[in-house]
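Topology and contacts: notes
Okay, here's what each chain looks like letter by letter:
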Amino acid sequence: MAPWHPRRIEFGGDYNPEQWPRDVWAEDRALMSQAGVTLATVGVFSWAHLEPEPGRYELDWLGDVLDGLHAQGIGADLATATASPPPWLTRLHPEALPIDHEGRTRWPGARQAYCPSSTAWRTRAVALVEQLAGRFGSHPAVRLWHLGNEYGCHTSRCYCDTCAAGFRRWLLRRYGGLDGINSAWATAFWSQRYSDVEEILPPRLTPDGAWANPTQQLDYRRFASDTLLEELLLEKEVLRRLSPDVPITTNFMVMTRFNQLDYWRWAEEVDVVSTDYYPEFADPLTHVEAALSADLTRGLADGGSWLLMETSPSAVNWQPRNPAKKPGALRRDALQQIARGADGFNVFQVRASLAGAEKFHSGLIPHAGTDTRLWREVLDLGSLLERLGEVAGSRVESEVAMVWGYDAWWACELDSHPSVDVRYPDRPRALHRALWDRGITVDLVRPGAALDGYKVVVVPTLYLADDAAAAAVRDFVAGGGHAVVTYFSGIVDEHDHVRPGGYPGAFRELLGIRTEEFAPLLEGETVVLDDGSTADVWTEDLRLEGAEAVRTYADGPVPGAPAVTRHAFGDGTAWYIATRTSPEGTSSVLDRVVAEAGVGAAAVTTPGVEVVRRRGEQGSWLFVLNHTGREAAVPASGVDLVSGDDLDGEVRVGPGGVAVVREAGA
Amino acid sequence: MAPWHPRRIEFGGDYNPEQWPRDVWAEDRALMSQAGVTLATVGVFSWAHLEPEPGRYELDWLGDVLDGLHAQGIGADLATATASPPPWLTRLHPEALPIDHEGRTRWPGARQAYCPSSTAWRTRAVALVEQLAGRFGSHPAVRLWHLGNEYGCHTSRCYCDTCAAGFRRWLLRRYGGLDGINSAWATAFWSQRYSDVEEILPPRLTPDGAWANPTQQLDYRRFASDTLLEELLLEKEVLRRLSPDVPITTNFMVMTRFNQLDYWRWAEEVDVVSTDYYPEFADPLTHVEAALSADLTRGLADGGSWLLMETSPSAVNWQPRNPAKKPGALRRDALQQIARGADGFNVFQVRASLAGAEKFHSGLIPHAGTDTRLWREVLDLGSLLERLGEVAGSRVESEVAMVWGYDAWWACELDSHPSVDVRYPDRPRALHRALWDRGITVDLVRPGAALDGYKVVVVPTLYLADDAAAAAVRDFVAGGGHAVVTYFSGIVDEHDHVRPGGYPGAFRELLGIRTEEFAPLLEGETVVLDDGSTADVWTEDLRLEGAEAVRTYADGPVPGAPAVTRHAFGDGTAWYIATRTSPEGTSSVLDRVVAEAGVGAAAVTTPGVEVVRRRGEQGSWLFVLNHTGREAAVPASGVDLVSGDDLDGEVRVGPGGVAVVREAGA
Amino acid sequence: MAPWHPRRIEFGGDYNPEQWPRDVWAEDRALMSQAGVTLATVGVFSWAHLEPEPGRYELDWLGDVLDGLHAQGIGADLATATASPPPWLTRLHPEALPIDHEGRTRWPGARQAYCPSSTAWRTRAVALVEQLAGRFGSHPAVRLWHLGNEYGCHTSRCYCDTCAAGFRRWLLRRYGGLDGINSAWATAFWSQRYSDVEEILPPRLTPDGAWANPTQQLDYRRFASDTLLEELLLEKEVLRRLSPDVPITTNFMVMTRFNQLDYWRWAEEVDVVSTDYYPEFADPLTHVEAALSADLTRGLADGGSWLLMETSPSAVNWQPRNPAKKPGALRRDALQQIARGADGFNVFQVRASLAGAEKFHSGLIPHAGTDTRLWREVLDLGSLLERLGEVAGSRVESEVAMVWGYDAWWACELDSHPSVDVRYPDRPRALHRALWDRGITVDLVRPGAALDGYKVVVVPTLYLADDAAAAAVRDFVAGGGHAVVTYFSGIVDEHDHVRPGGYPGAFRELLGIRTEEFAPLLEGETVVLDDGSTADVWTEDLRLEGAEAVRTYADGPVPGAPAVTRHAFGDGTAWYIATRTSPEGTSSVLDRVVAEAGVGAAAVTTPGVEVVRRRGEQGSWLFVLNHTGREAAVPASGVDLVSGDDLDGEVRVGPGGVAVVREAGA
């Protein structure tokens, strides 16, 4: 398989010609060409058109599409077309319909209505991929294979008997036998001890107010992620065999509101990491979340090249209220992803549909046609991305790492916890935002990953921390690093068993503290710290065992107790934030941490003006994205590839504007 | 069949003697007689008493009831008794139980627990109707047949396999074949293409966040309405055969919170349109909604005589909080319906039940007996309605029409739309209220109906507009009329396919505008218009193509863009309101529209004092209903049939009071 | 069977050694001994460990546990271990899985996942109890049998076909035959008449907005409570046979948020009443609710000795937010229960679990170990309870009774009622709180119980009142007592049939009033009374028929109508509170009632300082619990068993503190 070598910044989108008569296809190609489209994703939802009846394949039309794209110089990200089975499949194989947690069948009529464990689905999907790979595996347009689509988006977990059997096999592999399962799941509680592996079930609906075994729930999340990954691996095997020269990808959904899959595990299996990112229009900080999402995607790509595979050119259709993007937002959104490591910016979809569930999702070509502001912005963007081709393949600079774990997320948000207000992404977002405001770029890393080379490591809400995860942070600090741990981290091991002796078990010694009891706050309750800042959600009855108190509570359940601590450990320093500090409170702690650690910004900036640097063999590029309503000035020298201006010490960027400075002498 | 000739204003209610021992029946008859009851609906829930075991009929008791009513001079609206099957029916035929969207069986124990497609139910219902029609089809008390009851109120859509088969047949009839279905449903999207009609299913529960095909959903609403109508037609066939001289009705539920049936289609099949109307006690504008409901019912009756078949004399039992009606409210509520065309006012029910699910629903005879304010108000009302008999058969005057479509409602409120805040009845209610406040009466008309004779036509939120609906409005304006279209109208055709080229496709040329993108507002977001009024929910990025901007946005997503436009088209004028204007904003636009169109009020009035005129061969009657807490004066001359006063130029109506002026020289 | 003779105040908790390796057991015993534990509940969730495979029993480990406890002088409350079946049971007998109201199976994985009617479950449960009773029925450690656990907590009602059959048998026993059922259920309404008992079903999910027959729903609550009680009786029969000398108990859940069982009926069947009580941490008045719960438990025990079987030493794990208890709260919570009649204070659980669904529930031995504030408070409490041993067996003094009915609760909160805001426990809590603030202790009594000896009887929200319940209150007042009845009392009989002739039928004559219509208020609506106090939720259109108006409405739906009335009846007085008075409004009415009735407080106190007196053969003890943040002084003479101080006329109790005064000369 030829590796993915970014040669330019890709631009394009999902292209679904089967929705249109053939006479529209020519116009599509002309408009894509006009817009500078380089890569089109085709075939994602084409199974029913490629195999209209069981075993009868109609691939010619797709050949025509690929030929047409190739003639226009547009590459194809060719889907395996297995994202959603045709209606005939589950009619023939009703056992392939998914069953939800409450025992309800989920039916066709939308998409992704199949059981991830289904043999029928798998057999027919593999057969289809063999057809496609055999026919198009060496087509000159095909630059990338797109396996499935948004795995786990709609049917992430099925609770049917087939899945139950798969779960049992998975458990036996993981634990070796029944004793291991009984031990890991702590079935001594509530009379849950299994005497035969066949008794084990998915965590189906339990009686009212009786929460299912938490480790059973956690393992089912793991199993479900692995089961969907098996699908990808089945398709990958075919493609490696029949189309060995084309790299593979699948579009992840790296957003702080999606946690169905353990993308650390998935990223190991694809040649190119790509992701979908959709803003949450009702969230005024969604542009910061977009940065976090890009940073995490880059982490999944191990710092290498990745693609933004889907986003919306303007409105989406599935949020409660779907505003249009304001003028300039499309360009800013695109450059933000490029700034943070993307080597391509694709959207859903090339031409807005006139019918179906997504007809009110914007496209590059809107319902109102090409005499529109949106189309003119598309043309501008295509042109700009072409000019930015030199950036492709460079890497993003960062001195700060943040530990991010999918099983920590899963475990953290299980029921029967001290507080429902402890949601996993909350502190990662808060800490990332505080650094983002300072122009400090953050790499997201896997729990247990080596942390060499970073100056600061942030460990937010890592409720579940296995021994390796704990050791990695400990070693980092012992070696001179600066770590910041937030509350409800290090509480349990990989089986969701509490680490005894005082919280937070995994980090207690590192942090030089011991918490006797959690003291979560009631809804709406706040506490005041000794610096006058406020906090909410969480406090702890914490004792110092070596650490110093940097902040204490002025009131609340544990007045006088430490709220923020600092502990010299080995050659480094370990901080603990024991409450949900306000943005100001978080900021003042991080000010001290980055100062002590000597972390610098990509450029001197002000909150809301995003700065990131990519650096490659040929030089470096400073991206400046002004998310504010005021003109911003940032120190920079070189050439602004957006405006073409030569800069001597400063780049000025208008409200909502962008700059990409090819830095002089870098 | 003898047509329904209103000879008086009917008064009465549902009468359920089977709930009471025989000795109460005599008192019932005496009290009904005392109250001036003319029409009693009997037998609605009597199936289990009429056919206590399969095929064993016990009709004698009902004969006694009818004889008793007749002896007292009270007519019967005789139910076919099929509203709810007896428990034995679904025990014998479990497949006749309805299955809901989530696959759950809905069980007996309440009412209406049967599958609308069920052959068993239909067979036994028809057999029962044959018995009743054979026995009572010529009974002198029987003035009206009451088919079923509140069709679709509780079981409007069933998702069982029988219904699935019926849906397929319905689709084949509508579309001719599979290609037509695939095309109308746009199954090219999301791999939904059907290869065999047997693959088609009702829109059952789909995977999380994956919305079912919108046209599938829309067609299922149409199918469900038609399927229930089939039930009515089966009964109608029996009655026409065995009781040809008695007109038929069924009680619709014409309220802005009920949309299970397409009453335009249903109204074609009944001899007398009747409806149930229940106020929403928590809604401070429910009395205006009552006027709208009456206007729509009149529209369904094509301007002719109709009956208010059910309402509550005082409290209901099924809202979260069920206040009693205040003194005088019963009379005002009754006269409002009469004012707007009703020739009868009946309630549920004659005697309040002591047990069962509706025991806390008020009756004409309350739990506390006849020494009560309520009973005294009932006596007064009966007497007044008798005096108003001369009004029966006259018609309501109106110069304004409002287009109202049930499939527009269904389609408008499907998922995956630009904004969940666009609810169909919102703008109809707002525009109707603004006219109501001015004493301007509105006729509700079917999309596509000819609009000759009106001065103004209002087209609110007609999201789905087929070509005929669009042409009717266009022709009306071209011929000199004044139209007011509000946002999210004319967006899609009858298949829910977007009309391309810029919104609103069906009305773009008429309105002289082109909208590039919708720009809905976030929750709680408001915009200010250039006249200082505010708006919320919706804005658009709108270009003028011939129209003038009457209002523009002072801020918001599209500052400076037109918010209200006016377009001279043919001999008329077409207005567009592109945002959710405040009551003041709506009012100021309508002021100009009615002034330009020369529309007059029934009488000069003030907001909250409702005025409506009925006109017949013998003269005209001005109804004045004072919904305010202050005395009101309205110009009028003639005799007030309520007070008996001779009026010379003015009628004064106390707080909450009413007047019905037989107009002098009219 | 030897009766339960309290010899001391018991102290301990649930002890689940099967969760821990054997080497922890010794430490457990040592720590329990150190803390003064006298009673440990063992085996509650041990079925899967006692019978790891069907019919293979492993009891030795439990023998070791009991021997160990006995050696340490700790008694055992030995569970029958049937609280939750092992996974093998429902794998072998899938029909034993419960089915919920919506037809969904409830699965194992948590606890209590079995159908209460299941023959398989019952057979195997009885077999297990025979094993345990045979082996340990005379074990010297065993002081109490603990049957099941929290019956009805998670699976209170199952809707499967087995339960349906059981329901039919229960109905035939209750009503004698089909006619009785049809009459009681008023099946003449909505065509529900049954022609065969086999047609009758549980109140399963009905069509949308169609409420199931209310009497069917009410009877299903009764049936469900009786069905679970059958389980207890089956176990009791075994124990009486095989372990006749050991008294039996089961832990009720006497809280104002649990109403699955009719504990009046259950209390008849146990030798020792015990209960679980968990505070609602988000409720600022939860400590008053704790007092009410204790008073009700004492009522269930007929004023005799009872045990607090479970509560949390600090945080729980299952509320949305689970704060830790503040310093001193554990002691105050414990003494409150003792003050109100408990002769034991046990917690869940001895040692906090490290895994499973309840791992974040506090234990006597916390995760952080014994060097903790919590453990030190446990030691203090154990020591204090030992000193209080002299109190055991004494009785609580009370001059006021409050009628509390479980079927009144069930019926009151059925659907289709005048207002959803009428929740059963609301007025009991409000009236109890007003008395609690005055230091007046209240006994809770069963509807229909003789009320001799009380000075005041409070009857809050007794919606359903059978003839006996009404007669008891009437006789009490006729004989000179003072009764206070609140709105929505006495409305229906035991079949949920309205008592006609004006509300409140059962108490109309007693109260000297007649209500024509209810006039509930809308959400957020309030009314003002003539004394300036406010009220909400409810008003009535009430006529005086002998009573005097003590308060009237100054505004609202019925201005001028009586809001509070007083009626001289026989030798006593009957008050009616027709609206939801504010705490101040309630208070001012009760001031007058207790003054007229001559009711005294346990001691002169101030709101928030709880005072209760227990009196026994050896003397009396005044408990003072300061729930405020200020020091409190209460008149008292004797010895404070908490501080050891001799008191001469006054006891001073610090913020949050407690005193137990052995009264001088009492």
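Residues numbered from 1 in each chain as written. Chains lettered and ligands numbered in written order. Predicted model: local features only at pLDDT ≥ 70, side-chain atom pairs only at ≥ 80, totals over all residues. Heavy atoms only, no water.

Turning our eyes to something else, we now look at the interface of chain C and chain B. Listed by partner, the interface residues are 57 residues for chain C and 57 residues for chain B. Buried area between chain C and chain B, summed over both chains or domains, comes out near 4800 Å², and the portion from carbon and sulfur atoms is 58%. Three residues stand out in chain C for area buried against chain B, namely Phe189, Trp190 and Ser191 of chain C, and they jointly supply 16% of the buried area on that side. At the boundary of chain C and chain B, one finds nine salt bridges. Scanning the region where chain C abuts chain B turns up 25 residue pairs in polar contact (both at pLDDT 80 or more). Sorting the residues of the side of chain C that touches chain B by element identifies helix H8 (214–242), strand E14 (513–518) and strand E17 (540–544) of chain C as the ones contributing at least two each. A total of five residues in the side of chain C that touches chain B trace back to one element, the largest contributor, which is E14 of chain C. Tallied by class, residues from the side of chain C that touches chain B come to 27 nonpolar, 15 polar and 15 charged. (Contact = heavy atoms within 4.5 Å. Buried area = accessible area lost by both parts, 1.4 Å probe. Salt bridge = Lys/Arg side-chain N within 4 Å of Asp/Glu carboxyl O. Polar contact = N/O pair within 3.5 Å; in protein donor to acceptor, adjacent residues only side chain to side chain. Helix = DSSP H or I, 4+ residues; strand = E, 2+ residues; numbered from the N terminus. Nonpolar A, V, L, I, M, F, W, Y, C, P; charged D, E, K, R; others polar.)

Least-squares fitting of chain C to chain B yields an RMSD of 0.0 Å, with the superposition described by an axial translation of 0.0 Å and a rotation of 120°. Both copies are brought into coincidence by an operation consistent with a three-fold rotation axis. If distances are taken from each C-alpha of chain C to the rotation axis, the shortest is found for Arg104 of chain C, at 4.9 Å. (Least-squares fit on C-alpha atoms with pLDDT ≥ 70 in both.)

Turning to the sheet that holds strand E20 (residues 572–577) of chain C, a few remarks are in order. Residue and element names in this part refer to chain C. Ordered by their spatial adjacency, seven strands build an open sheet running E11-E10-E12-E13-E20-E19-E18, and the pairing between neighbours is mixed. The sheet is open, and its two edges are formed by strand E11 (442–445) and strand E18 (548–552), each paired on a single side. Across this sheet, the average inter-strand angle for adjacent strands is 20°, counted without regard to direction. With four bridges connecting them, E18 and strand E19 (residues 562–569) associate as antiparallel partners. (Pairing = 2+ DSSP bridges. Axes fitted to C-alpha atoms, helices over the stretch in contact; angles between N-to-C directions.)

Before going further, it helps to examine the domain arrangement of chain A. As far as domains go, chain A holds domain 1 (1–8 + 246–390), domain 2 (400–597) and domain 3 (609–663). Using C-alpha coordinates to define each centre, domain 2 of chain A is positioned 34 Å away from domain 3 of chain A. (Domains from an automatic or database assignment.)

Attention shifts here to the interface of chain A and chain C. Residue-level contacts link 57 residues of chain A with 58 residues of chain C. Regarding the contact of chain A and chain C, the summed buried area is about 4800 Å², with carbon and sulfur atoms giving 58% of it. Interface area lost by chain A to chain C is led by Phe189, Trp190 and Ser191 of chain A, which between them contribute 16%. The interface formed by chain A and chain C includes nine salt bridges.

Looking now at the packing of aromatic side chains. Counted by the stated rule, this structure contains 96 aromatic pairs over all chains. With a centroid separation of 5.5 Å and 80° between ring planes, the pair formed by Trp404 of chain A and Trp409 of chain A is classed as edge-to-face. Pair check on accessibility: Trp404 of chain A and Trp409 of chain A agree, each one buried. Taken together, a centroid distance of 5.8 Å and an interplanar angle of 90° make the contact between Tyr263 of chain B and Tyr406 of chain B edge-to-face. Remark: Tyr406 of chain B occurs in helix H13 (residues 406–412) and Tyr263 of chain B occurs in helix H9 (residues 263–267); sequence separation between them is 143 residues. Taken together, Tyr159, Phe167, Trp170, Trp185, Tyr194, Tyr220 and Phe223 of chain A form an aromatic cluster joined through their ring pairs. (Phe/Tyr/Trp six-rings, centres within 6.5 Å; stacked < 30°, edge-to-face > 60°. Buried < 20%, exposed > 50% of the residue type's maximum accessible area, 1.4 Å probe, protein only.)

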